[in-house]
Amino acid sequence: MSLHPNLEKMLITCITEHKEHVYRLAFSYVKNQEDALDIVQEAIHKAFASVESLKNTASMKSWFYRIVVNTSLDFLRKHKKMQVVDETMLEAMDSGSEDVYANMDLEIALNELPTMYRSVITLRYFEDLKIDEIAEVLSENISTIKTRLYQALRLLRIRMNDENPEEAL
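Residues numbered from 1 in each chain as written. Predicted model: local features only at pLDDT ≥ 70, side-chain atom pairs only at ≥ 80, totals over all residues. Heavy atoms only, no water.

Student: Just checking my understanding: could you explain the nonpolar core for this structure?
Tutor: One broad rule of soluble globular proteins: the nonpolar side chains tend to lie buried together. Counting residues in hydrophobic clusters, the biggest one holds 41 residues, and the most contacted among them are Met-60, Trp-63, Phe-64, Leu-123 and Leu-138. Contributions of two or more residues to this core are made by α1 (5–17), α2 (19–30), α3 (33–50), α4 (60–79), α6 (104–112), α7 (115–126), α8 (131–137) and α9 (142–163). For this core, the leading source of residues is α4, giving 8 residues. Apart from the residues lying within four places of it in its own chain, the contact partners of Leu-123 are Leu-25, Tyr-65, Asp-128, Leu-129, Ile-134, Val-137 and Leu-138. (Core = buried A, V, L, I, M, F, W, Y, C linked by side-chain atoms within 4.5 Å. Buried < 20%, exposed > 50% of the residue type's maximum accessible area, 1.4 Å probe, protein only. Helix = DSSP H or I, 4+ residues; strand = E, 2+ residues; numbered from the N terminus. Contact = heavy atoms within 4.5 Å.)

Student: Looking at this model, I keep getting lost on the packing of α2 against α7. Mind explaining?
Tutor: Two quantities define a packed helix pair, namely the angle between the helix axes and the distance between the axes. Look at α2 against α7: their axes get within 11 Å of each other, and the N-to-C directions meet at 150°. One element, α2, and the other, α7, form an angle in the roughly antiparallel class. Crossing hand, α2 versus α7: right-handed. In this structure, α2 uses Arg-24, Leu-25, Ser-28 and Tyr-29 to contact α7, whose residues at the interface are Thr-115, Arg-118, Ser-119, Thr-122, Leu-123 and Phe-126. Counted by class, the contact of α2 with α7 contains 4 nonpolar, 4 polar and 2 charged residues. (Axes fitted to C-alpha atoms, helices over the stretch in contact; angles between N-to-C directions. Parallel < 35°, antiparallel > 145°, perpendicular 65-115°, else oblique. Left-handed = near helix turned anticlockwise from the far one by under 90°. Nonpolar A, V, L, I, M, F, W, Y, C, P; charged D, E, K, R; others polar.)

Student: Sorry if this is basic, but what is going on with α7 here?
Tutor: An α-helical turn contains 3.6 residues, so any two residues separated by three or four positions project in the same direction. Among all positions of α7, only Tyr-117, Arg-118, Ser-119, Val-120, Ile-121, Thr-122 and Leu-123 are buried. Count one or two residues on from α7 and you reach Asp-128, which has phi positive near 60°.

Student: How should I be thinking about unusual backbone geometry in this particular structure?
Tutor: With phi around 60°, Asp-128 is a residue other than glycine that occupies positive phi space. Along the chain, the position of Asp-128 falls in the loop between α7 and α8. The phi torsion at Ser-139 lies on the positive side, around 55°, for a residue other than glycine. Residue position: Ser-139 is located in the loop between α8 and α9. Take Ser-139: its relative accessible area is 53%, and that puts it in the exposed class.

Student: Is there a simple way to think about the packing of aromatic side chains in this case?
Tutor: In this description, an aromatic ring pair is defined by two values, namely the gap between the centres and the angle between the planes. On inspection of all chains with the given rule, the structure shows 1 aromatic pair. Between Tyr-23 and Phe-27, the ring centres sit 6.0 Å apart and the planes meet at 35°, which makes this aromatic pair tilted. Of this pair, Tyr-23 and Phe-27 both sit in helix α2, 4 residues apart, roughly one helical turn. Owing to a relative accessible area of 32%, Phe-27 belongs among the partly exposed residues under this scheme. In this arrangement the basic side chain of Arg-124 is found over the ring face of Tyr-125, its NZ or CZ atom lying 5.7 Å from the centre. (Phe/Tyr/Trp six-rings, centres within 6.5 Å; stacked < 30°, edge-to-face > 60°. Lys NZ or Arg CZ within 6 Å of the ring centre and 35° of its normal.)

Student: Got a minute to help me understand the pattern of salt bridges in this structure?
Tutor: Between side chains of opposite charge, a pair can form when the charged atoms approach closely. The tally for this structure, following the rule as stated, stands at 6 salt bridges. With its nearest N and O atoms 3.9 Å apart, the salt bridge here joins Asp-74 to Lys-46. Of this pair, Asp-74 sits in helix α4 while Lys-46 sits in helix α3, and the two are 28 residues apart along the sequence. A relative accessible area of 26% places Lys-46 in the partly exposed class. (Salt bridge = Lys/Arg side-chain N within 4 Å of Asp/Glu carboxyl O.)

Shown next as structure tokens:
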């Protein structure tokens, strides 16, 4: 099956322009460089295989992000993988040492959030998507995304305050 040349060019442009964001998005789910790269590669393959079904080319970015999110979730379901932790994270989690990075508590708290909340936070604050784009990526309605974002921020605030009780005062 040959793609419409303009559609193929648009998809290549979309992938090229957002490659770092897409990699970070996949990495935010699997916490492993090789797995994230595999997910991105598989998502690109899926995108090319189904680009003809894309009805609105203006939503290509969120369509591609949705493929990456779904591919990441599929990967996690298939592998039921424990999160790989790097040396920095191990040092920070060791009770005898202080945080290596100031934002390590935030990273740990984010990783402890249920996937539906972590996805909304990641897409909104790390990928800088608008609420309507997040709704499109996650195939949810806008009010659901707003509610999840509010709940996720509340959970993060509670977790951050629990981990840093002196900062809550």
